[in-house]
Amino acid sequence: MNTAGHMDTAGLDLIPFRGVRYVPEQVGSLAAVTSPPYDVVVRPDGLLHLESADPHNIVRLILPQATTPAARNQQAADTLRTWLSEGILAPDDKPSLYVYEQQDSEILQRGLIGALRLSEAHDGIVLPHEGVMPHVVEDRAALMRATAANLEPLLLTYRTDNEAEATGATAVIERTAEREPLLSTTTEDGFHHRLWSVTDPAEIAEIQSDLAAHQALIADGHHRWATNLRLRAEHPSPSAWDYGLVLLVDTARYPLRVRAIHRYLHRLPVSDALAALGDSFRVRTVEGPLDQALDALAEAAAKGNAFVLAGDGAFHLIDHPAPDLLAETIPGDRPEAWRTLDATVLHATLLDHVWRIPDAPEHIAYIHDTAATVEKAERDGGTAVLMHPVREEVVRDLARQGVTMPRKSTSFGPKPATGLVLRALAF
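Residues numbered from 1 in each chain as written. Predicted model: local features only at pLDDT ≥ 70, side-chain atom pairs only at ≥ 80, totals over all residues. Heavy atoms only, no water.

## Examining the pairing of strand β4 (residues 97-103)
Now for step 1: Among the seven residues that make up β4, six are buried, leaving the element largely enclosed by the rest of the structure.
Now for step 2: Where β4 lies against strand β10 (residues 192-198), seven bridges are found, and the strand directions are antiparallel. Across the sheet, Y100 pairs through a bridge with L195, a residue of β10.
Now for step 3: Hairpin remark: β4 followed by strand β5 (residues 108-117), antiparallel, with four residues in the connecting loop. (Buried < 20%, exposed > 50% of the residue type's maximum accessible area, 1.4 Å probe, protein only. Helix = DSSP H or I, 4+ residues; strand = E, 2+ residues; numbered from the N terminus. Pairing = 2+ DSSP bridges.)

## Section: a negative patch on the surface
Now for step 1: Among the surface-exposed residues, D312, D369, E375 and E378 lie close enough to one another that they form a single negatively charged patch.
Now for step 2: Relative accessible area serves as the criterion here: at 43%, D369 is assigned to the partly exposed category. (Patch = residues over 30% accessible without salt bridge, like charges linked within 9 Å, V, L, I, M, F, W, Y side chains within 5 Å. Areas by Shrake-Rupley, 256 points an atom, 1.4 Å probe, with all protein chains shown as cover. Salt bridge = Lys/Arg side-chain N within 4 Å of Asp/Glu carboxyl O. Lys, Arg positive; Asp, Glu negative; His and termini not counted. Charge placed at Lys NZ, Arg CZ, Asp CG, Glu CD.)

## Describing helix α9 (residues 270-277)
Now for step 1: Within α9, burial applies to V270, A273 and L277. Buried residues of α9, viewed axially, fall in a sector of 65 degrees; they line one side. Opposite its buried face, α9 presents the exposed residues S271 and A275, each directed more than 90 degrees away.
Now for step 2: In this fold, the buried residues of α9 make contact with β15 (282-286), β16 (306-310), β17 (315-319), α13 (342-354) and β19 (383-386).
Now for step 3: G278 occupies a position one or two residues after α9 and carries a positive phi of about 55 degrees. (Arc of directions from axis to C-beta. Contact = heavy atoms within 4.5 Å.)

## Overview of the pattern of salt bridges
Now for step 1: Counted according to the given criterion, the structure contains 25 salt bridges.
Now for step 2: Among the salt bridges present, the one from R140 reaches D139, with a minimum N-O distance of 3.4 Å.
Now for step 3: Counted as one network, the salt bridges with shared partners bring together E138, R145, R230 and E234.

## Quick look at the packing of aromatic side chains
Now for step 1: As enumerated under the stated definition, the model contains two aromatic pairs in all.
Now for step 2: Note on Y22 and W83: the rings are 6.2 Å apart at their centroids and 50 degrees apart in plane angle, and the pair reads as tilted. Taken as a pair, Y22 in strand β2 (residues 20-22) and W83 in helix α4 (residues 69-85) lie far apart in primary sequence, 61 residues in all. W83 shares its class with Y22; the two are buried.
Now for step 3: The ring of Y38 has R140 lying over it, and the distance from NZ or CZ to the ring centre is 4.0 Å. (Phe/Tyr/Trp six-rings, centres within 6.5 Å; stacked < 30°, edge-to-face > 60°. Lys NZ or Arg CZ within 6 Å of the ring centre and 35° of its normal.)

## Concerning helix α2 (residues 45-53)
Now for step 1: Those residues of α2 that fall on the buried side of the exposure criterion are L47, L50 and E51. With its buried residues spanning 100 degrees around the axis, α2 presents them on a single face. For α2, the exposed residues set more than 90 degrees away from the buried face come down to D45, L48 and S52.
Now for step 2: Check the buried side of α2 and you find it contacts α3 (59-62).

## A word on the pairing of β19
Now for step 1: Of the two faces of β19, the one carrying T383 and V385 and the one carrying A384 and L386 are both buried.
Now for step 2: Looking at chain direction, strand β14 (residues 262-265) and β19 are connected through three bridges and run antiparallel. In the strand pairing of β19, L265 is matched with T383.
Now for step 3: As paired strands, β16 and β19 are joined by three bridges and run antiparallel to one another. Paired with L309 across the strands is V385, a residue of β19.

## Concerning the sheet that holds β19
Now for step 1: Spatially, β15-β17-β16-β19-β14-β18 is the arrangement adopted by the six strands of the open sheet, whose pairing is antiparallel. Edge strands, defined here as strands with exactly one partner in the open sheet, are β15 and β18 (364-367). This sheet shows a mean twist of 25 degrees between the axes of neighbouring strands, independent of strand direction. (Axes fitted to C-alpha atoms, helices over the stretch in contact; angles between N-to-C directions.)

## Describing unusual backbone geometry
Now for step 1: Between S237 and P238 the backbone carries a cis peptide bond, its omega angle lying at 0 degrees.
Now for step 2: Topologically, P238 is positioned in the loop between α8 (222-234) and β12 (243-250).
Now for step 3: P289 follows G288 through a cis peptide bond whose omega is 0 degrees.
Now for step 4: By the element assignment, P289 lies in the loop between β15 and α10 (290-301).
Now for step 5: Backbone geometry at A148 places phi at a positive 50 degrees, although glycine is not the residue there.
Now for step 6: Structurally, A148 is set in the loop between α5 (134-147) and β7 (149-150).
Now for step 7: Of note in this structure, R356 is not a glycine but carries a positive phi near 55 degrees.
Now for step 8: Residue position: R356 is located in the loop between α13 and β18.
Now for step 9: The exposed category is assigned to R356, whose relative accessible area is 63%.

Rendered as structure tokens:
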């Protein structure tokens, strides 16, 4: 394969499946039964909001509520079985690949949803870029075992060489998007979603032969990918467990947004955070409002490591870390691109060494929304650490070198809505 330069294994193997979808006549609206991915739902407020949006909201499957993990997973399995038997959800008649489109006022994204043959990182076909937490993988694996279903697609990206002319999979996607969609809905975040099925054998072959020449980067869903691999190992091959549900997006044609994931430090007031820095970083107060402070962060981040601390009513830009401190705290046996990442400096230098904060939920929350991170810090008295996003090219280059970034280093989007198409392994 030419994409990575050294690969001699097959590329992406995406196969059709009988998608399980909501029957529109049986639910209030498609928008009311969808959800963001399980790890983006803000609990408990967002969970309650989704549960009350419609009695059949998909959150009852991806985040079931009960007193014990076993009871939660059994509840999800029972709910899925009930919804299928009552015709709330139904499998499509034919195995399909699905073209999926998301659009808001700023971005148009199209990709393919299908069942992708699973592979290990060392195969060089699907590249992870973040580590995973074993307890999250176990939690997701138990849910997937109980339901025997892929309840939400991972987001994977690949890159074609030709941005100008649509060929192969891209040509099929763009032809399909001219047709009448299977479904069309607008969710409350302002995104318009459309879904089409591709069942024509010639078009499926065109897609598959194109994708076989590519590798993919996991943009969102590392824990679900690791979960799929664990469950594949538990089932004799060949089986439906050899594949996982993915959305594949060609970012040469449809660039994703790459956003930072911010940190909220529950037990560290801003005054203590700043005092602990001493002269190890340059510290400056920058003008608000938030957008202006983020502009200052972007300018500083273009020249080196930089963060904004907030929570005391002001914005504090910290940059220019002392070189001897970096040399002392950051492992020297990693590529330069990894050693200079903001997330590396934040975790190895600031959290581990300067502030001595363990990476545990009672100490650190990972929050996607910038304003929400600042508001939480100001309300609860902790410190918001605002990050500048990493470019996709940096993420991809590190992944190709087999280098794992600190977890929650990036947030690629827009993420696929959960609930538009499911994959039940029995169909």
